[in-house]
Amino acid sequence: MKSKLKIITLLSLILTAGVLVAWAQAEEVDKVKVGDIAPSFTVVTPDGEMTTADFKGKVVLLNFFATWCQPCIQELSVLEKEVWNQFKDNEDFVLLVVGREHTPEELKKFAKEKGFDLPFCPDEERKIFSQFATQSIPRNYIINKGGKVIYASRGYSHKEFEHMIDVLTRQL
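Residues numbered from 1 in each chain as written. Predicted model: local features only at pLDDT ≥ 70, side-chain atom pairs only at ≥ 80, totals over all residues. Heavy atoms only, no water.

Helices and strands together make up the secondary structure of the protein, namely five helices and seven strands. Counting all 172 residues of the protein, 40% fall into the buried class. A separation of at least 24 residues holds for 67% of the contacts in the protein among residues at least 6 apart in sequence. Carbon and sulfur atoms make up 55% of the accessible area of the protein, which amounts to about 10,000 Å² in all. (Helix = DSSP H or I, 4+ residues; strand = E, 2+ residues; numbered from the N terminus. Buried < 20%, exposed > 50% of the residue type's maximum accessible area, 1.4 Å probe, protein only. Contact = heavy atoms within 4.5 Å. Areas by Shrake-Rupley, 256 points an atom, 1.4 Å probe, with all protein chains shown as cover.)

Structural data, given as C-alpha cells:
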C-alpha cells in the first residue's frame, strides 16, 4: 500500500512540474500584453524609417507575419480587404505589416507574387518582433493613441479577426 502511495505521489509531482514548466514557457512567449505600454521601436515603412514617437496620437495595428506561414498569408488577404482598404485613408490610423526575418527585397517580391497592396516592413533580425514575443505568428497588436496596447492576438481565426476589427473601429 505504501508503494502505491509513493508512486501516486511521485506521479502527481511529475505532472505538477510539467504543468508549471508549460505554463512558464507559455508566459515567456508573450512579452507584451493588453494594458502594457508598447515598447519603443524603429521600423522601415514604405514611406521611410519611423519610430514609435511618429505614431503618437494615432491608432496603430501591428501585424507580424512570415511569407512561408500559411495562416499568415490567409490572414493578410483578410487584413487587406477588411482593414487596409477600409482605413488606409484615415489620418488617425497606421498599419505596420512586419515581415519577421524578411528583407525589403523579399517582401517586395512576396507582395508582387501574391498581389498584396499592404505596407510591408522588414524585420530582418527580429528586433521589433522580439520586443513583443519570442515565437508564434501571425500576431496582431492594436496600440491606442496614447501608446497603450489595447488588443493582442496570436494565430488566425476569422472570429478573432472580426473581434480585432471591432476593437479597431471603436478606436477610430
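There's plenty left to go through after this.
Ordered in space as β5-β4-β3-β6-β7, the five strands form an open sheet in which the pairing is mixed. Each edge of the open sheet carries a strand with a single partner, namely β5 (120–123) and β7 (149–154). Averaged over neighbouring strand pairs, the angle between their axes works out to 20° when direction is ignored. Looking at chain direction, strand β6 (residues 139–143) and β7 are connected through five bridges and run antiparallel. By the bridge assignment for β7, Ile-143 is matched with Val-149. Together, β3 (59–65), β4 (93–100), β6 and β7 form the strand contacts of helix α5 (residues 158–171), whose direction differs from that of β7 by roughly 165°. (Pairing = 2+ DSSP bridges. Axes fitted to C-alpha atoms, helices over the stretch in contact; angles between N-to-C directions.)

Another point: unusual backbone geometry. With an omega of -5°, the peptide bond running from Ile-137 to Pro-138 counts as cis. Its place among the elements puts Pro-138 in the loop between α4 (129–132) and β6. For Arg-126, which is not glycine, the phi torsion reads 60° and is therefore positive. On the secondary structure map, Arg-126 appears in the loop between β5 and α4. By relative accessible area, which is 23% here, Arg-126 ends up partly exposed. Within the chain, Ser-136 stands out as a residue other than glycine whose phi angle is a positive 80°. Along the chain, the position of Ser-136 falls in the loop between α4 and β6.

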